[in-house]
Amino acid sequence: ENVFHAFDKLKRDGRAVRCPDQVFAFTDHYVPTRDRANGIPDAEARNMVEMMRRNAQEHGITLFGLGDPRHGILHIVPPEQGITQPGAIIAGADSHSSTHGALGAFAFGVGASEVAHVLATQTLWRRRPRTMRIDVPDALPPDATAKDLILAIIGHIGVGGGTGHVIEYTGAGIAALSVEARMTLCNMSIEAGARAGLVAPDEATLAYIKGRPYAPTGEAWDRAAAFWRTLVTDDGASFDREVTINAGDLAPMVTWGTSPEDVLPITDVVPDPADEPDAGRREKMERALGYMALTPGTKLTDIAIDRVFIGSCTNGRIEDLRAVAGVVKGRAARVAAMIVPGSALVKAQAEAEGLDAIFRDAGFEWRDAGCSMCVATNGDMLEPGERCASTSNRNFEGRQGRGGRTHLLSPAMAAAAAITGRLTDVRKLGETG
Amino acid sequence: MEPFTQLTAIAAPIELRNVNTDMIFPARFMRKPRDEAYPLYMFHDRRFRPDGTEDPNFVLNQPAYRDARIIVGNANFGCGSSREPAVYALHDYGFRALIAPGFGDIFAANCVKNGLLAVRLGDDDVAVLRALVTETPGTEITIDLPSQTVSAPGIEPLTFEIDPFEKECLVSGLDDIGVTLRGEDAIAAFEDSYRGDFDWLYGKRGGAA
Ligand code: SF4
């Protein structure tokens, strides 16, 4: 919905959308995730959704709107529908468009002016980006997830580490990830500063796409698949920057500060700014700890939380919800916890598998699809001072509501936090919960 | 958009690294129309306390920096969300140029589209400029785009690099869509061959709506 400025610009300049059949629209940031029968009570939010509907209709663009059984977050629906395909170039009106790189697409976020440019011309001016390879030679341990991996990567290279680069994730550790897990990984490339991240398509990618509504069929499938199999980086290719991540003993990760790079294994303690030699960084840490109301030296597992949010384009897919169900089954949440599926089809799938019953029995709220408390523009938000364990992607000050405090973690870790009411090492939940 | 050639203006220092676009423009204002109130949303939660009063600690609330038209920032300025309203609000508040060692990629692209010059200089040079405008509040910096130089009292002029196409857009104030559409024949020819090679991307439209 945030692209209304782009459509306003087209209108001002009297321009048309060049290829409406190559454009897809979504309503996700402003839609309510409960009591939908009442419509959208907030007039401004309603207006955002309404403008998207009108603009899509006026320009003949396919809209996955609220009434559509396939609606959901703009980074969840296109892979689900088979719209995201290897080799495609996808400009998204949102920075987490990097998600689509998980299928071997070159996908990146653009601002409203560039959206207007691509709508009017179906082209963009682009400088060749620098390349970065992040190699993960070892498979992740069974209790670690793609979310833990990407948080560890961001902790390693920093939130500016990928600036100006496109990241290719390679290695046996990546090959072993499911396609959905790769989406989680590529999704947060932007938090590492990179505009795009991608994984070369392999047989898992092809199997994921096959049979989806927009996927090619029959003879076209064979041609497409043959082409997709060629989309691999040459042996011996050189990259502008190469990083190797040892993930063999990766522990579940959690953020303690107000930047995604402020991240540590759950077994660690809140860091002490006094140990930071750089004055600028020390000051930033102090401010972060002040905002987060944390004392250096506190064990991360001693941090009590008020709420849990499970969802977003980072972790709102069916595998994420299955992981949550695996943790909460037969247990009960101690704090307010909400689960917001990334799309209506994810929701339907979860219900078909009986996951919703597990969630409800454990005291979790089971909502409708949307961005929800990831960005807090639809009314789902934290109160000032509230502390939230969240599967989303940004822990900036005020991201989930002014004064709200966010700890980023994986779905399984968020589920464990809901059960105990504090940040918890999900691997030890059996012993304590 | 307004052409950008030369600017001499007060510069305000922002020491913080990784200033993100959520900080520059909190998401809850995304739904607002771009009207007279727009400048108020810029750095809103830093400029204003929860009770709505100004926070005197924030640099832009200090008298000497109120008329600043340039920000001297730090590494990775404008990282995070693609939201162009962050740039709209900086622009509508009155900023015309930003100087930093680096910018978020999408943010930098958005700046060009709105006539805001994002100047990349070396870490040390930016640190010198930041120190200068911090120690002597109200110091003016001059940025000359045609010659790609930044000058300030007491320092040697600094030169910066900029993409030639971006420079042309800024200096001429051109509408880039218009420029692109001059190549419409080439676009159409490309589309024809691309659609031929990758027909599976086009022919099939998804399931029932
Ligand atoms: S879920 Fe969050 S990060 Fe993803 S598109 Fe929505 S608001 Fe953006």
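Refer to the preceding data block for the structure.
Because the structure is a prediction, the values reported are computed rather than measured.

Draft legend 1. Spotlight on the sheet that holds strand β13 (residues 365-366) of chain A. All names here are of chain A. Spatial ordering of the open sheet is given by β13-β12-β11-β14-β15, a layout of five strands whose pairing is parallel. The strands lining the two open edges of the sheet, one partner per strand, are β13 and β15 (405-408). Pairing between strand β14 (residues 387-390) and β15: four bridges, direction parallel. Of the residues in β15, the one forming a bridge with R387 is R405.

Draft legend 2. Seen up close, helix α2 (residues 43-59) of chain A. All names here are of chain A. Taking 1.5 Å per residue, 17 residues should reach 24 Å; α2 reaches 24 Å between its end C-alpha atoms and fits that length. Taken residue by residue, α2 has A45, M48, V49, M51, M52, N55, A56 and H59 as its buried positions. The buried residues of α2 occupy one face: seen down the axis, they fall within an arc of 150°. Where α2 is buried, its residues meet α1 (4-13), β1 (24-26) and β2 (62-64). Measuring from the backbone nitrogen of E44 back to the side-chain oxygen at the start of α2 gives 3.0 Å, which picks out D42 as the cap. Trailing α2 by a residue or two, G60 shows a phi angle of about 70°, which is positive.

Draft legend 3. Inspection of the environment of A97 of chain B at higher detail. Tracing the backbone through its elements, the reader meets A97 of chain B in strand β3 (residues 97-100). Along the sequence, A97 of chain B and L7 of chain B sit 90 residues apart, while their C-alpha atoms lie 8.3 Å from each other.

Draft legend 4. Local environment of the site of the ligand. Close contacts around the ligand come from 13 residues, with H96, C313, C371, C374 and N393 of chain A the closest. Tallied by class, residues from the shell around the ligand come to six nonpolar, five polar and two charged.

Draft legend 5. Local environment of the pattern of salt bridges. Scanning all chains against the criterion turns up 43 salt bridges over all chains. Put simply, E44 of chain A and K32 of chain B hold a salt bridge, and the shortest N to O gap is 2.8 Å. Of this pair, E44 of chain A sits in helix α2 while K32 of chain B sits in the loop between α1 (21-24) and α2 (38-41), on two different chains. On the basis of relative accessibility, which here comes to 30%, the residue E44 of chain A falls in the partly exposed class. A salt bridge links D356 of chain A to R360 of chain A; the shortest N-O distance between them is 3.2 Å. On the criterion of helical spacing, the pair formed by D356 of chain A and R360 of chain A is a turn pair, its members being four residues apart in helix α14 (residues 355-361). By relative accessible area, D356 of chain A is classed as buried at 13%. On the basis of relative accessibility, which here comes to 47%, the residue R360 of chain A falls in the partly exposed class. Each member of the salt-bridge network shares a partner with another, and the members are R34, E365, R367 and D380 of chain A.

Draft legend 6. Looking closely at the nonpolar core. In this structure, F359 and F364 of chain A together with F43, F77 and L90 of chain B are the most contacted members of the largest nonpolar core, which totals 122 residues. With sequence-adjacent residues up to four places away left out, L90 of chain B is seen in contact with I24, M42, F43, I71, F95, L98, F107 and L116 of chain B. With 49 residues, the next largest nonpolar core counts L140, A144, I154 and L185 of chain A among its residues.

Draft legend 7. Seen up close, the interface of chain B and chain A. Listed by partner, the interface residues are 58 residues for chain B and 66 residues for chain A. Between chain B and chain A we count 14 salt bridges in total. Of all the elements in the fold, those that place two or more residues in the side of chain B that touches chain A are α3 (44-47), α4 (85-93), α5 (105-113), α8 (176-181) and α9 (184-197) of chain B. In terms of residue count, the dominant contributor to the side of chain B that touches chain A is α9 of chain B (six residues). Across the side of chain B that touches chain A, the residue classes break down as 23 nonpolar, 13 polar and 22 charged.

Draft legend 8. Just the environment of A88 of chain A, in detail. Locating A88 of chain A in the fold gives a position in the loop between α3 (77-81) and β3 (89-92). C-alpha separation for the pair A88 of chain A and F106 of chain A, spaced 18 residues apart in sequence, amounts to 6.2 Å.

Draft legend 9. Structural context of the packing of α1 of chain A against helix α4 (residues 112-121) of chain A. All names here are of chain A. Here α1 crosses α4 at 55°, and the two axes come no closer than 8 Å. One finds that α1 runs oblique with respect to α4. Crossing hand, α1 versus α4: right-handed. Of α4, the residues touching α1 (which contributes H5, A6, F7, K9 and L10) are A112, V115, A116, L119 and A120. Tallied by class, the residues present in the contact of α1 with α4 amount to eight nonpolar, one polar and one charged.

What counts and what doesn't
- Residues numbered from 1 in each chain as written.
- Chains lettered and ligands numbered in written order.
- Predicted model: local features only at pLDDT ≥ 70, side-chain atom pairs only at ≥ 80, totals over all residues.
- Heavy atoms only, no water.
- Pairing = 2+ DSSP bridges.
- Helix = DSSP H or I, 4+ residues; strand = E, 2+ residues; numbered from the N terminus.
- Expected span 1.5 Å × (residues − 1).
- Buried < 20%, exposed > 50% of the residue type's maximum accessible area, 1.4 Å probe, protein only.
- Arc of directions from axis to C-beta.
- Contact = heavy atoms within 4.5 Å.
- Polar contact = N/O pair within 3.5 Å; in protein donor to acceptor, adjacent residues only side chain to side chain.
- Near = heavy atom within 4 Å.
- Nonpolar A, V, L, I, M, F, W, Y, C, P; charged D, E, K, R; others polar.
- Salt bridge = Lys/Arg side-chain N within 4 Å of Asp/Glu carboxyl O.
- Core = buried A, V, L, I, M, F, W, Y, C linked by side-chain atoms within 4.5 Å.
- Axes fitted to C-alpha atoms, helices over the stretch in contact; angles between N-to-C directions.
- Parallel < 35°, antiparallel > 145°, perpendicular 65-115°, else oblique.
- Left-handed = near helix turned anticlockwise from the far one by under 90°.

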